[in-house]
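Listed below, chain by chain, are the residues.
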Amino acid sequence: MAEPLFARERAWALVTEHVQSESLRKHLMAVEAAVRGYARLWGEDEDAWGFVGLIHDFDYEKYPDRENHPFRGVDILRGLGYPDWVTRAVLSHADYSGVRRESRLEKTLFACDEMAGFVMAASFVRPWEGVLDLEAASVIKRMKDKAFARGVPREDLRKGAEELGLPLDEHITNVIRFLRERAEELGLRGHL
């Protein structure tokens, strides 16, 4: 019997085939955790949303440039028979793709992509506590430090929360909570 289209095993197979970098794999798992968390919160299909979160950057290691990412990944997904709403979500997480975010999933993926990475970075500089007692105020303070995680556009962090219709601190709190659920797997538990 074939695995369902949105089985996590299918998403993970795509990730392991295309991504060798442990840090990129952890980023994908963190975004998956955050997107799944919002799916649960809003009564959406957690497996389908989690699939999109886990694979959204699976082509990035091979094609990190704007001409190819996420377009190459979307071509692969189309070839595997994934529906339009999946490929639209993946395309829409990149502002330069020309695909406007319209659905709740598209907005959630964008909002969780950079925020999950930023929360992970904020957790890594707390080796004893990790994500377990991280608070939104600490993440907001880090956002003001331009040298911290300088590759993360602060305007995208804010825009993501706005597109979800949530105050920034509430979105951060949600993402922290969702990442805590997978802290061990993500290496965010700390050494308390």
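Here the structure is a predicted model, which is why all the values come from computation and not from measurement.

The rules behind these values
Residues numbered from 1 in each chain as written. Predicted model: local features only at pLDDT ≥ 70, side-chain atom pairs only at ≥ 80, totals over all residues. Heavy atoms only, no water. Helix = DSSP H or I, 4+ residues; strand = E, 2+ residues; numbered from the N terminus. Expected span 1.5 Å × (residues − 1). Bend = angle between axes of the 7 residues up to and from the residue. Buried < 20%, exposed > 50% of the residue type's maximum accessible area, 1.4 Å probe, protein only. Core = buried A, V, L, I, M, F, W, Y, C linked by side-chain atoms within 4.5 Å. Contact = heavy atoms within 4.5 Å. 1 Å grid on protein atoms, 1.4 Å probe; cavity = no way out; pocket = protein on both sides within 12 Å on 5 of 7 lines; lining within 4 Å. Points joined across faces, edges and corners; volume = space filled by probe spheres on them. Arc of directions from axis to C-beta. Phe/Tyr/Trp six-rings, centres within 6.5 Å; stacked < 30°, edge-to-face > 60°. Lys NZ or Arg CZ within 6 Å of the ring centre and 35° of its normal.

## Side note on helix α6 (residues 104-124)
- Helix length check: α6 (21 residues) gives 30 Å between terminal C-alpha atoms against 30 Å at 1.5 Å per residue, within 8%.
- The sharpest bend along α6 measures roughly 25° and falls at Cys112.
- Extensive coverage of α6 is indicated by the burial of 16 of its 21 residues.

## Let's talk about the nonpolar core
- Counting 62 residues, the largest nonpolar core has Tyr38, Phe51, Val119 and Leu179 as its most contacted members.
- Setting aside residues up to four positions removed in sequence, Tyr38 forms contacts with Trp49, Thr108, Cys112, Leu164, Leu166, His171, Asn174, Val175 and Phe178.

## So, the layout of surface pockets
- When its volume is computed, the largest pocket comes out at roughly 530 Å³.
- Asp57, Tyr60, His69, Asp113 and Glu114 are, among the 18 residues lining the largest pocket, the residues nearest its centre.
- Taken together, the elements giving at least two residues each to the lining of the largest pocket come down to α2 (22-42) and α6.
- It is α6 that provides the largest number of residues to the lining of the largest pocket, a total of three residues.

## Some details on helix α7 (residues 136-144)
- Of the positions making up α7, those classed as buried are Ala136, Val139 and Met143. Along the axis of α7, the buried positions cluster into a sector of 60°, meaning they face one direction only. Of the exposed residues in α7, the ones pointing more than 90 degrees away from its buried face are Ala137, Lys141 and Lys144.
- Tucked into the core, α7 has its buried residues touching α6, α8 (154-164) and α9 (168-180).

## Quick look at the packing of aromatic side chains
- Considering all chains together, one arrives at eight aromatic pairs under this definition.
- Judged by centre distance (5.5 Å) and plane angle (80°), the ring pair of Phe6 and Phe51 falls under edge-to-face. Of the two residues, Phe6 sits in the segment before α1 (8-18) while Phe51 sits in helix α3 (residues 46-55), which places them 45 residues apart along the sequence. Like Phe51, Phe6 is buried.
- Three or more aromatic residues joined by ring pairs make a cluster, and in this case those are Phe6, Phe51, Tyr82 and Trp85.
- Over the ring of Phe110 we find Arg101, and its NZ or CZ is 3.6 Å from the ring centre.
- Just above the ring of Phe148 sits the side chain of Arg142; from NZ or CZ to the centre is 4.9 Å.

## Observations concerning the environment of Ser123
- Counting through the fold element by element, Ser123 comes out in helix α6.
- Along the chain, Ser123 and His69 lie 54 residues apart, while their C-alpha atoms are 27 Å from each other.

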